[in-house]
Amino acid sequence: PAGLTQLRQRELNFTHLQLFDDVRHEYTAYAQAIDNSNAIGASVTVLTQKPLEKIDNQGNPTGSFNSYNGALSLAYSHNFGIFNAGITAKGIYQKIDDVSSSGIAFDCGMLYLHDSGVSAGIVVQNIGTKQRFNSVAENIPLVVKAGLAYRLSIGSQYLLTNIDGLKAQNSSKLFGRFGGEAGINFGEEFGLMLRAGSKTDKLDNISTQNSLTLGGGIRVMNFEIDGSYEPFGDLGKAYRAGMSVRF
């Protein structure tokens, strides 16, 4: 949420992620600057999948059921001069068959930007209440992320590299992620971007070659279209398509 203060225009974003086994992730977000130091945003996230088969205690099929997750988020960011800070409040809803649960969680982050092109950030996600399914209450997994990035600009071309680490409350491992983006702008009207990255949390069971994510984007005036491809070994592949408009 801390990066919202970097906006200079209102922005609307739509993203569709098609995962393996017909799992779908839909994301819609809007953000705008209030002034030079403050910005706000809102988003809706929905995760759905195809109906799953019901099986009784003897292993006999008894029909099917649906499951889905959803979240509504409101965010605020402030520029303190030497760094930016932001907070996101999330209302979370989950349903599996006829059992549902809801909860509230917060994300808090800080972002430091230097004139040299170096930036650093940290965010703590899912600080919130427990979610209860029937009589079982569980914490929303707490996640801490920290990262560094460097942007090198040469005329109309640029190269952006980043590396970050992720630690989840329910895991003893520290996961690493790294990637880069190369782009060229043809004035204010047109731009091209190529992206690549990898995640170390996938290397235990999937080869390094299959952990590579590839993507790209095209910007025309205030419209931008993005896409990416990510293999998941035997599980299948994931495809992401997005569109954003600034106005």
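A. Quick peek at the overall build of the chain. For the chain, the helix and strand inventory stands at 0 helices and 18 strands. The C-alpha extent of the chain, read off along each of the three principal axes, is 70 × 40 × 35 Å. Within the chain, contacts between residues separated by at least 24 positions form 41% of all contacts whose residues are at least 6 apart in sequence. When the accessible area of the chain is evaluated, it comes to approximately 15000 Å², of which 60% is carbon and sulfur surface. Across the chain, the 21 positively charged side chains and the 22 negatively charged ones have centroids separated by 2 Å.

B. Summary view of the pattern of salt bridges. Summed over all chains, the structure comprises 8 salt bridges. In this structure, the salt-bridge partner of D107 is K90, at a minimum N-O distance of 3.2 Å. With D107 in strand β8 (residues 99-113) and K90 in strand β7 (residues 84-96), this pair connects stretches of sequence that are 17 residues apart. Grouping residues by exposure puts D107 and K90 together as buried. Between R195 and D226 there is a salt bridge whose closest N-O contact spans 2.8 Å. Separated by 31 residues along the polypeptide, R195 in strand β15 (residues 190-199) and D226 in strand β17 (residues 223-231) bring together distant segments of the chain. With a relative accessible area of 26%, R195 lands in the partly exposed category. A single network of salt bridges, built from pairs that share partners, joins E11, E181, R195, E224, D226 and R246.

C. Structural context of the nonpolar core. Membership of the largest hydrophobic core is limited to 5 residues, which are L4, L7, A31, A39 and A75. Contact partners of A31, with chain neighbours within four places excluded, come to L4, L7, Q9, R10, E11, I40 and G41.

D. Region of interest: the environment of G215. Position of G215 among the secondary structure elements: in strand β16 (residues 213-220). Measuring from C-alpha to C-alpha, the distance between G215 and S73 comes to 26 Å, with 142 residues separating the pair along the chain. The residues touching G215, leaving out its near neighbours within four places in the chain, are L194, R195, G227 and S228.

E. Main features of the side chain of T45. Within the fold, T45 resides in strand β3 (residues 38-48). Not counting the four nearest positions on each side in its chain, T45 is found in contact with H25, E26, Y27, N69, G70 and A71.

F. Structural view of the pairing of strand β5 (residues 61-65). In terms of strand pairing, strand β4 (residues 52-55) meets β5 through 4 bridges, oriented antiparallel. Bridge pairing links K54 to G63 in β5. Connecting β4 to the antiparallel partner β5 that follows it, the hairpin turn spans 5 residues, and G59 within it adopts a positive phi of roughly 85°.

G. Region of interest: the environment of T213. Inspection of the secondary structure puts T213 in strand β16. With 175 residues separating them in the primary sequence, T213 and N38 have C-alpha atoms 34 Å apart. Not counting residues up to four positions away in its chain, the partners in contact with T213 are R195, A196, G197, Y229 and E230.

H. Quick look at the packing of aromatic side chains. This structure, assessed with the given rule, holds 5 aromatic pairs. On the numbers, 5.7 Å between centres and 40° between planes, the contact of F186 with F190 is tilted. An angle of 45° between the planes, with centres 5.6 Å apart, marks the rings of Y229 and Y239 as tilted. Placement of Y229 in strand β17 and of Y239 in strand β18 (residues 237-246) is noted, with a sequence separation of 10 residues between them.

I. Region of interest: the environment of G183. Mapped onto the fold, G183 is located in strand β14 (residues 174-186). The spacing of G183 and G41 is 142 residues in sequence and 26 Å in space, taken between C-alpha atoms. Once you skip the residues sitting within four places of it in the chain, G183 turns out to touch S156, Q157, Y158, L192 and M193.

J. Quick peek at the side chain of T5. Here T5 is to be found in the segment before β1 (11-18). Here the side chain of T5 touches A2 through a polar contact of 3.5 Å, landing on its backbone oxygen. Filtering out sequence-adjacent residues up to four positions away, T5 remains in contact with S37, N38, A39, S77, H78, N79 and N84.

Conventions adopted
- Residues numbered from 1 in each chain as written.
- Predicted model: local features only at pLDDT ≥ 70, side-chain atom pairs only at ≥ 80, totals over all residues.
- Heavy atoms only, no water.
- Helix = DSSP H or I, 4+ residues; strand = E, 2+ residues; numbered from the N terminus.
- Contact = heavy atoms within 4.5 Å.
- Areas by Shrake-Rupley, 256 points an atom, 1.4 Å probe, with all protein chains shown as cover.
- Lys, Arg positive; Asp, Glu negative; His and termini not counted.
- Charge placed at Lys NZ, Arg CZ, Asp CG, Glu CD.
- Salt bridge = Lys/Arg side-chain N within 4 Å of Asp/Glu carboxyl O.
- Buried < 20%, exposed > 50% of the residue type's maximum accessible area, 1.4 Å probe, protein only.
- Core = buried A, V, L, I, M, F, W, Y, C linked by side-chain atoms within 4.5 Å.
- Pairing = 2+ DSSP bridges.
- Phe/Tyr/Trp six-rings, centres within 6.5 Å; stacked < 30°, edge-to-face > 60°.
- Polar contact = N/O pair within 3.5 Å; in protein donor to acceptor, adjacent residues only side chain to side chain.

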